[in-house]
Amino acid sequence: MITATVIPRLTTIAIELQDGLAEVRLNRPERSNAINEAMWQDLRNAFSWADAAPEVRVVVLAGAGGNFCAGIDLSMLASVGRAVAHADPARSHEALRRVILDLQDCLASIERCRKPVLAAIQGACIGGAIDLVSCCDMRYAAADVQFSVREIDVGMTADVGTLQRLPRLVADGIAREMAYTGRNVDAFEAKLIGLVNQLFETPEILLEGVRAIARTIAAKSPLAIRGTKEMLNYGRDHSVADGLNHVATWNAAMLISADLDEAMAALHEKRPPRFGD
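Nothing here was measured: the structure is a model prediction, and the numbers come from that model.

Rules used throughout
- Residues numbered from 1 in each chain as written.
- Predicted model: local features only at pLDDT ≥ 70, side-chain atom pairs only at ≥ 80, totals over all residues.
- Heavy atoms only, no water.
- Salt bridge = Lys/Arg side-chain N within 4 Å of Asp/Glu carboxyl O.
- Helix = DSSP H or I, 4+ residues; strand = E, 2+ residues; numbered from the N terminus.
- Buried < 20%, exposed > 50% of the residue type's maximum accessible area, 1.4 Å probe, protein only.
- Pairing = 2+ DSSP bridges.
- Arc of directions from axis to C-beta.
- Axes fitted to C-alpha atoms, helices over the stretch in contact; angles between N-to-C directions.
- Contact = heavy atoms within 4.5 Å.

Asker: Please give an account of the pattern of salt bridges that cites residues and values.
Answerer: Under the criterion given, the structure shown has 20 salt bridges. One salt bridge connects R114 with D51, and the closest N-O pair in it is separated by 3.0 Å. A residue pair is termed long-range when its members are at least 10 positions apart, and R114 in the loop between α3 (89–112) and β4 (117–121) and D51 in helix α1 (residues 37–52) qualify at 63 residues. Classification of R114 as partly exposed rests on a relative accessible area of 37%. Between D172 and R176 there is a salt bridge, and its shortest N-O distance comes to 2.5 Å. Within this pair, D172 and its partner R176 are both found in helix α6 (residues 172–181), separated by four residues, close to a single helical turn. On the basis of relative accessible area, R176 is assigned to the partly exposed category, the value being 43%. A network of salt bridges, in which partner residues are shared, links E111, R165, R168, R236 and D237.

Below, the structure written as structure tokens:
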């Protein structure tokens, strides 16, 4: 079992932790970081660790090499058919449904992570990579980025989150156009439609910029940041009235805290606050 104090050693993902900032890097550059079976599970393990580790305050998700992620490794699709094969078609279909639900859960671990997750995206971000970055709190991109919902071009319906999350990020018509056509969206258009927060000239400048934003977040009250993410995610999926009720319950328990005391003391003493993990 992964513990909160030990950085997990994963086969397809590299993790570094410094000063509250965890960098989770997809690490199959020779395959443009295509998501194979091991990477799905590694993603869940990485974000379960980040969620549990008190010393992690913010996560930056990046990709090694020239491309962020080329989507699902097509060799995996072939192996899924063999894995769910059964003489009874109904049992085979049920097994495939369970596989899909498990892959959805691997990506949902990013949303479940209580710490903000910032995606730093360069090069190709296609197919399953859109599912992946749609789970993140914010997306930042280098000028060479190309986004594409590519499932339509291999004759399948995207099934691990793009069609549910992308319309919450961009206009519904734009999300539908991307899903129906599979066309490329470049950096300029991605910024224009709100798919990314900011653009950076090169992948190197991108990482520097995203790290700076992450460090700003890491300096805030960890309890308040975790509560804010909880409220934003809850509010996205519920009514305004439900959201207000939820935050009232949350703050009834969390408002009076050591972080609030430290923030008030820091303001009074005109110094940066020093929050515990």
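What follows picks up the thread again.
Asker: Hey, could you go over the environment of A224 for me, with residue numbers and the actual values?
Answerer: As for its placement among the helices and strands, A224 is situated in helix α9 (residues 222–237). A sequence separation of 206 residues divides A224 from Q18, and the C-alpha atoms of the two residues are 21 Å apart.

Asker: Summarise the sheet that holds strand β7 (residues 146–148); cite the residues concerned and give the values.
Answerer: Sheet strands pair via backbone hydrogen bonds, and the direction of the pair is either parallel or antiparallel. The mixed open sheet is built from three strands, whose spatial order is β5-β7-β8. Whereas interior strands pair on both sides, the edge strands pair on one side only; in this sheet they are β5 (124–126) and β8 (185–186). Across two bridges, β7 lies against β8 in antiparallel orientation. Residue pairing across strands places F147 opposite V185, the latter belonging to β8.

Asker: Describe unusual backbone geometry, and please don't skip the residues or the numbers.
Answerer: Backbone geometry at D19 places phi at a positive 50°, although glycine is not the residue there. Position of D19 relative to the elements: it lies in the loop between β1 (13–18) and β2 (21–26). Although it is not a glycine, K270 adopts a positive phi angle of roughly 55°. Among the residues examined, K270 registers a relative accessible area of 78% and is labelled exposed.

Asker: Run through α6, naming residues and quoting values.
Answerer: Listed as buried for α6 are A175, M178 and A179. Along the axis of α6, the buried positions cluster into a sector of 95°, meaning they face one direction only. At the C-terminal side of α6, G182 shows a positive phi close to 70°.

Asker: Any details on the sheet that holds strand β9 (residues 198–200)? Residues and values, ideally.
Answerer: Spatially, six strands are ordered β1-β2-β3-β4-β6-β9 in an open sheet, and the strand pairing comes out mixed. At either margin of the open sheet sits one strand with a lone partner, and together these are β1 and β9. Strand-to-strand, the axes of this sheet are offset by a mean angle of 20°, without reference to chain direction. Judged from the three bridges that link them, strand β6 (residues 138–142) and β9 form a sheet pairing that is parallel. Looking at the pairing, A142 lines up with F200 of β9. Here helix α8 (residues 203–218) sits on the sheet and contacts β2, β3 (58–63), β4, β6 and β9; the angle it forms with β4, its principal contact strand, is near 170°.

All we've got here are geometric facts, nothing functional implied.
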